Amino acid sequence: VQLQASGGGLVHPGGSLRLSCAASAGTLSNYNIGWFRQAPGKKPDFVAAISRSGNNTYYGDSVTGRFTISRDSAENMVYLQMDSLRPEDTAVYSCRAGTYSRGRWYDVTRSYRDWGQGTQVTVSS
């Protein structure tokens, strides 16, 4: 599946953004979808994931209570609503797709086979 993340931008601390993950080819509801972010010089950091069914969601410790992942199967989209943004949330955010679902699958990049170009999120005053 070919993925494209969008919706990033520059926002003040405390602000909100909604990122979108679209599939240019393929059906997102066939995959678990995860959001990862990567700041310059750092390894990818798990943000959030949603299961194929949409019944299960998972969040990284630093975003729990501030970010919400959801999917709209009719629109073939997955969203990441980001509220109460902080400067440390600044990174390139990308969405990834995979079908591996054993154990703690959601927060490791090797569980995901496909990903696309990310979108830059900058939180600054």
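Here the structure is a predicted model, which is why all the values come from computation and not from measurement.

Student: Please provide a residue-by-residue account of the pattern of salt bridges, values included.
Tutor: This structure, assessed with the given rule, holds five salt bridges. With its nearest N and O atoms 2.9 Å apart, the salt bridge here joins Asp89 to Arg37. Of this pair, Asp89 sits in the loop between strand E8 (77-82) and strand E9 (91-98) while Arg37 is found in strand E4 (residues 32-38), placing the two residues 52 residues apart along the sequence. Salt bridges linked by common partners bring Arg37, Asp45, Arg66 and Asp89 together as one network.

Student: So, the packing of aromatic side chains: which residues are in play, and what are the values?
Tutor: A complete count under the given rule lists seven aromatic pairs for this structure. With centroids separated by 5.7 Å and ring planes inclined at 50°, the aromatic side chains of Phe46 and Tyr106 adopt a geometry described as tilted. In this pair, Phe46 is assigned in strand E5 (residues 45-50) and Tyr106 in the loop between E9 and strand E10 (114-115), connecting sequence segments 60 residues apart. Like Phe46, the residue Tyr106 is buried in the burial classification. Judged by centre distance (4.0 Å) and plane angle (10°), the rings of Tyr58 and Tyr106 are stacked. Of this pair, Tyr58 sits in strand E6 (residues 57-59) while Tyr106 sits in the loop between E9 and E10, and the two are 48 residues apart along the sequence. These aromatic residues form a ring-pair network of at least three members: Phe36, Phe46, Tyr58, Trp105, Tyr106 and Tyr112. Taking the ring centre of Tyr79 as reference, the NZ or CZ of Arg18 above it sits at 4.0 Å. Directly above the ring of Trp115 sits Arg96, whose terminal nitrogen or CZ lies 4.5 Å from the centroid.

Criteria and thresholds
Throughout, residues of each chain are indexed from 1 in the direction in which the sequence is written. Side-chain atom pairs in this predicted model are given and counted only at pLDDT of 80 or more, local residue features only at pLDDT of at least 70, and totals for whole chains, interfaces and linings cover all residues. Note that water and hydrogens are dropped before the side-chain values are worked out from all heavy atoms of the structure. Think of a salt bridge as a Lys or Arg side-chain nitrogen and an Asp or Glu carboxyl oxygen that are within 4 Å of each other. Helix and strand assignments come from DSSP, with helices taken as H or I runs of at least 4 residues and strands as E runs of at least 2, each series counted from the N terminus. Think of it this way: a Phe, Tyr or Trp ring, Trp meaning its six-membered ring, pairs with another when their centres are within 6.5 Å, and the plane angle makes it stacked under 30 degrees, edge-to-face over 60, tilted otherwise. Three exposure classes are used, based on accessible area relative to the maximum for each residue type with a 1.4 Å probe and protein chains only: buried under 20%, partly exposed in between, and exposed over 50%. Whether a charge sits over a ring depends on NZ of Lys or CZ of Arg being within 6 Å of the ring centre and within 35 degrees of the ring normal.

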